[in-house]
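# Close look at the chain arrangement
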Amino acid sequence: MSHLSERPEKPVVGVPMPHESASLHVTGTALYTDDLVYRTKDCLHAYPVQVFKAHGKIKSLNTDAAYAVPGVVRVLTIADVPGVNDAGMKHDEPLFPEEVMFHGHAVAWVLGDTLEAARLGAAAVEVELEELPSLITVREAIEAESFHGARPTMIRGDIDEGFANSVHVFEGEFEFKGQEHFYLETHCALAQIDEAGQVFIQSSTQHPSETQEIVAHVLGLHSHEVTVQCLRMGGGFGGKEMQPHGFAAVAALGAKLTGRPVRLRLNRTQDLTMSGKRHGFHASWKIGFDAQGRIQALDATLTADGGWSLDLSEPVLARALCHIDNTYWIPNAHVAGRIAKTNTVSNTAFRGFGGPQGMIVIEDIMGRCAPLLGLDPAELRERNFYAPNQTTPYGQPVGQTDRIGKIWHQTQDNADWAQRQREIAAFNAAHPNTKRALAITNIKFGISFNLTAFNQGGSLVLIYKDGSVLINHGGTEMGQGLHTKMMQVAATTLGIPLHKVRLAPTRTDKVPNTSATAASSGADLNGGAIKNACEQLRARLVQVAATQLGGNASDIRIIDGVATLLGSDKTLDWDTLVHTAYFQRVQLSASGYYRTEGLHWDAKIFQGSPFKYFAYGAAATEVEVDGFTGAYKIRRVDIVHDVGDSLSPLIDIGQVEGGFVQGAGWLTLEDLRWDTSDGPNRGRFLTQAASTYKLPSFSEMPEEFNVTLLEDATEEGAVYGSKAVGEPPLMLAFSVREALRQAAAAFGAEGTSVDLASPATPESVYWAIQAARQGAPSVAAYTTNGHAANGHAVNGNGHNGNGVNGTNGSNGNGSNGHAVTGATALSGV
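### Describing the sheet that holds strand β27 (residues 613–626)
- The four strands are arranged β16-β27-β28-β29 in an open sheet whose pairing can be described as mixed. In the strand order of this sheet, the two ends are held by β16 (434–447) and β29 (704–709), each with one partner. Strand after strand, the sheet turns through a mean of 15 degrees between neighbouring axes, direction not considered.
- Bridge count for β16 against β27 is 14 bridges, and the pairing is antiparallel. Across the sheet, residue Ile440 finds its bridge partner in β27, namely Ala620.

Shown next as C-alpha cells:
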C-alpha cells in the first residue's frame, strides 16, 4: 500500500460523523458573507444598472439623475476603473461593458447608504442603446456559425473502417438544456480598505485566489495588496468558481473610491438573470454496432452553449469530450467540439463540469438504439463495458475495470433486479394506462482538473503550546463537508482526537495560489497538503518523544493523543509532548503541499492522461408513469458507488444522495426558458423564480432510496485511500431518465425506440408516450448490407411497413419496418 493511502492504527478518517457546521446550520447561527454586513459600520450597498435588451451598443450613459436620489453616494462606471476593465480570465468579460451582450447585462453600479437608495438610483440612470441582432438559442448560433474559443477534436482509430465493419448503423440528433445552480445563498461580496490601503474582501467564492487576482488587476494592484476570505458558502455547485470575481471587484472598487465598506448581494431575480448556468448542448451523432451489439465506431459533434463570453466553456467542452465514452469501449471515434456564442448569460461550471453533458450523449444513444438492436438496454450497456488493458479515446488507460462489472452486478443484486423485472412486466400487462420500468446505468468519471497546473494544493498547520491545532487549507466549504474531512485527515495524521483540531476560514494570506474547490478534487488536493504538513510536524514531535521516552524515533507511535514506545509501557500525553517541544525550541508550524503525480495532457492533439483515477458507480431506478398526463414518480433507487476507502462515510453518503437528486432535477424537472420571440423582450430569461423554475423537492425523492458505498475499494494514489465524491453521483441520475424512456416505450409495441427530451418533464414524457403509441421510431437506422436495422427503413416505406413522413424506398428493404425522416436508406454502403 502506498504511503499516501496507508492508514495508521485507530484513524479518525473513516469514522461516520456529522458535518462540522451541522449544528450551526440547523440553529441558524452559521455566518455567511452577507451576515457580516450587520457587523460592519457605515456600509454602502451596491445595486446594478441593468439593460433589458439582448444585444446592443451603449450610445450614452447618463448618471446625473441618480445623484439626485437621496442616499446615493457614487455611481461606478468604466471611467472609474484604475486597472483593467475585465472580470474574466479570458479577457473577454468587461466589468463595465460598452456593448450589452445579454438581457439584464449590468453596465454600471450604484452605491447607496441603503439598498433602497441604491435601487432607486440605479433606476434613475439613463442608458441609450443601439439595438443589434441577437442569437438566443444554440441552434440559432449554429445556423449563424457563431462560435468562440477552441474547437477540439478527439480521434481514435479509423471511423470509416469502423462503420464499414458495422452491421447496424444509427444516426440522430440530441439537444438538451442546461441547469440553474439555485444555491440558497446568492452571489455576495463585502469589501473593506484598511489604513494602509490594502483591500480585504469577504466573498462567497469557490476560488479565492482567482477572485484575489481579478480584483487586483481591476484595481491596478499587486496580489499581496488584496486578501480574499471565504467563510463558507450557502451552496456553490460550480456557480461560484468564476462568476464571483466581477462582483467582488465591483465591491472592492467602490470601497477603494469611497473609503467605506461596500456590500454587494444579488437578489434572487438578479442572480438568476445575471449569472451563468450549466451549459446546454446540441449533439449530432452516428454510431455503428456489430452483430452482437458491440460499438464499432462513433462520429459525433458536440456544441456547447457558451453564452456571451468564454468563462470556463473551453474546459467544460474538453471534459465533455473526455467523458462521451462513459464506461464503454469505442475502438474508432471521431468527436468534435465547439462552443456556440449566444446572447445569453455566460455559462459556467456546474457539478460535473461537462462530464454529464458528454456522458448523457452516449447514454441517450444506448437507450435509443437498444430496442432497434433487439436487446435489453442493460444487456447492450454491459456488452460494451471496458475490459482490462483498454484505453479511452484520448489515450488514458482505464484502471480498475473490474469495478465496472462488480458495481453493476452488486447494484442489480441489491435491487433484486430479476424478480422486480418480472413484477413490472406483470404490472404493465395488467395496467394499460400506467406503466412501470426499471433501468440501470453506470458511470466512469475522471478525477483531476483537465488543466494539469490546477492539480496542486497547499496548507498551513499550527500547533499551539497547549496542544490545540489550527489548520488552514486552500479549499472552500460550500456545504459539501470538505472541512469535516480535512479535520479528520489532520487528526489522523497527528494521531490525536478530533476535538483537538479547529479549522480556520479559507484566506489567501494563509495559503497562496490555491486552485478552485472544483473538479471533485478538494479532498484529494487539500487532504494531501494537510497530511504533508502534519507529517512534518509529527516527525519533529516523535524526535522529542523519543528523547523523553528513551528510545528511537522510529519506535514511537502517537495514537489517540498518547505517544508510546514500542516494547515499553512508557507513555507521554500529547499536551505534554507539545509543551516539551516548545521549550526545546522545536518548530510547531508547517506549510504543507501536494501535487497530483502522473498527469499529462496535450490539449492540441487531445491525448494524454489528464485524470489521476476514475470514480465508478451504478444506479438502478424504478419509475411509474401515467399514460394520460405523463406524470411520474420515482418508486425506488438502488445505488452502489465507489468512493475508495471513505474519509467520512456520512458525508459521502450525503453527497451521493444529494448529487443523485440534483442530477434527477437536471434531467427531469429544471427547464430553462428564454424568450425567443422577435418581440421587445427577446432574450429575457423567463424562468427567473422558484415559481417558474421547478427544483427537486421532497415530493420528487424516491419512495425507497438505498445507497451503498463499495467496500474493499482502496485507492492507492489518493489520501488515505479515498476517492472523490462531489461530482460523480450526479450522473447516476441517468438511470431516472432511462427508466422514464423505457416506461414510455412500454405504451407502444415491443421493440419501440423512444426519443425523450431533456429535461424529461411530464409534458415531454407524455409526447414520448404518444410517439410510442403511434410506433414512430426515434433514430435514423441503416445497415451496411442494405437491410434496415431491425426492420426500420430510413426515409422509405419497407414492404408492409409504416411510412412516417417517408416515401417508397425499396432499397431500405425493411419488412414490417418503419420509415424515418432524417437519412436515406442505404444499400450496401
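Text resumes after the structure shown.
### A look at helix α6 (residues 208–219)
- With 12 residues, α6 ought to run about 16 Å at 1.5 Å a step, and its terminal C-alpha atoms sit 16 Å apart, in line with that.
- Of all 12 residues in α6, 11 are buried, a share of seventy percent or more.
- Following α6 by one or two positions, Gly220 has its phi on the positive side, about 70 degrees.

### So, helix α17 (residues 649–668)
- Taking 1.5 Å of rise per residue, 20 residues should cover 28 Å, and α17 covers 28 Å from first to last C-alpha, within 8% of that figure.
- Counting buried residues in α17 gives 15 out of 20 residues, a clear majority hidden from the surface.

### Examining the side chain of Thr33
- When you line up the elements, Thr33 lands in the loop between α1 (22–27) and β1 (44–51).
- Among the residues examined, Thr33 registers a relative accessible area of 1% and is labelled buried.
- Once you skip the residues sitting within four places of it in the chain, Thr33 turns out to touch Glu185, Cys188, Ala189, Leu190, Gln202, Ser203 and Ser204.

### Quick notes on the pairing of strand β2 (residues 56–62)
- Bridging between β2 and strand β4 (residues 99–100) involves two bridges; their strand directions are antiparallel. Looking across to β4, one finds that Lys57 is bridged to Glu99.

### As for the environment of Ala249
- Mapped onto the fold, Ala249 is located in helix α7 (residues 244–258).
- Taking the C-alpha atoms as reference points, Ala249 and Ala189, 60 residues apart in sequence, are found 8.8 Å from one another.
- Those residues within four positions of Ala249 in sequence are excluded, and the remaining contacts are Leu95, Val215 and Val218.

### Side note on the pairing of β1
- A large share of β1 lies buried, amounting to eight of its eight residues.
- Every second residue of β1 is oriented toward a common face, with Leu44, Ala46, Pro48 and Gln50 on one face and His45, Tyr47, Val49 and Val51 on the other, all of them buried.
- Taken together, the two bridges between β1 and strand β12 (residues 262–265) define a ladder with parallel strand orientation. By the bridge assignment for β12, His45 is matched with Arg263.
- Note that β1 and strand β5 (residues 105–112) share seven bridges and pair antiparallel. Looking at β5, one finds that Tyr47 is bridged to Val110.

### Topic: the packing of α17 against helix α18 (residues 734–745)
- Packing of α17 against α18 leaves a shortest axis separation of 8 Å and a crossing angle of 45 degrees. Comparing the axis directions of α17 and α18 gives the class oblique. Contact residues: Phe660, Ala664, Trp666, Leu667 and Thr668 in α17; Phe734, Ser735, Val736, Arg737 and Leu740 in α18.
- Each residue belonging to the contact of α17 with α18 can be placed in one class, and the counts come to seven nonpolar, two polar and one charged.

### Some thoughts on the pattern of salt bridges
- Tallied over the entire structure, the rule returns 44 salt bridges.
- Here Asp80 ties to Arg74 by a salt bridge, and the two come within 2.9 Å at their closest N and O atoms.
- When its relative accessible area of 16% is taken as the criterion, Asp80 is described as buried.
- Among the residues examined, Arg74 registers a relative accessible area of 24% and is labelled partly exposed.
- Residues Arg381 and Glu738 are paired through a salt bridge, measuring 3.2 Å at the closest nitrogen-oxygen approach. Here Arg381 is found in helix α11 (residues 377–383), whereas its partner Glu738 is found in helix α18, with 357 residues between them in sequence. For the pair shown, Arg381 and Glu738 are each scored as buried.
- Because the salt bridges share partners, they merge into one network encompassing Glu363, Asp364, Arg368, Arg381, Arg737, Glu738, Arg741 and Asp755.

### Notes on the state of the cysteines
- All chains considered together, the criterion is met by zero disulfides.
- No disulfide involves Cys43; its sulfur sits 9.4 Å from the nearest other cysteine sulfur, which is in Cys188.

### Observations regarding the packing of aromatic side chains
- Scanning the model with the defined rule gives 19 aromatic pairs in all.
- Taking the centre distance of 6.3 Å and the plane angle of 75 degrees together, the rings of Trp109 and Phe247 count as edge-to-face. Here the residue Trp109 occupies a position in strand β5, and Phe247 occupies one in helix α7, the gap between them amounting to 138 residues.
- Each ring, one from Phe174 and one from Phe176, has its centre 5.0 Å from the other, and the planes form 40 degrees; the classification is tilted.
- What links up through ring pairs into an aromatic cluster is the set Tyr394, Trp601, Phe606, Phe611 and Phe614.
- A cation over a ring is seen here: Arg232 above Tyr32, with NZ or CZ 5.8 Å from the ring centre.
- Here Lys240 stacks its cationic end above the ring of Tyr183, 4.5 Å away from the centre of that ring.

### Thoughts on the confidence of the model for the protein
- Here the protein averages 93 in pLDDT, and 94% of its residues register 70 or above.
- Counting interchain partners and residues more than four positions distant, the pLDDT-below-50 stretch residues 785–829 has 97 contacts.

### Topic: the side chain of Ser203
- Mapped onto the fold, Ser203 is located in strand β10 (residues 199–203).
- By relative accessible area, Ser203 is classed as buried at 0%.

### Here's the deal with the packing of helix α15 (residues 522–549) against helix α16 (residues 574–583)
- Remark: α15 packs on α16, axes separated minimally by 10 Å, with the N-to-C direction vectors making an angle of 100 degrees. Compared by their axis directions, α15 and α16 come out roughly perpendicular. Side by side, α15 and α16 meet where Leu541, Val544, Ala545 and Gln548 of the first sit next to Trp574, Leu577, Thr580 and Ala581 of the second.
- Taken together, the residues of the contact of α15 with α16 sort by class into six nonpolar, two polar and no charged.

Conventions adopted
- Residues numbered from 1 in each chain as written.
- Predicted model: local features only at pLDDT ≥ 70, side-chain atom pairs only at ≥ 80, totals over all residues.
- Heavy atoms only, no water.
- Pairing = 2+ DSSP bridges.
- Helix = DSSP H or I, 4+ residues; strand = E, 2+ residues; numbered from the N terminus.
- Axes fitted to C-alpha atoms, helices over the stretch in contact; angles between N-to-C directions.
- Expected span 1.5 Å × (residues − 1).
- Buried < 20%, exposed > 50% of the residue type's maximum accessible area, 1.4 Å probe, protein only.
- Contact = heavy atoms within 4.5 Å.
- Parallel < 35°, antiparallel > 145°, perpendicular 65-115°, else oblique.
- Nonpolar A, V, L, I, M, F, W, Y, C, P; charged D, E, K, R; others polar.
- Salt bridge = Lys/Arg side-chain N within 4 Å of Asp/Glu carboxyl O.
- Disulfide = S-S within 2.5 Å.
- Phe/Tyr/Trp six-rings, centres within 6.5 Å; stacked < 30°, edge-to-face > 60°.
- Lys NZ or Arg CZ within 6 Å of the ring centre and 35° of its normal.
- pLDDT = per-residue confidence, 0-100.

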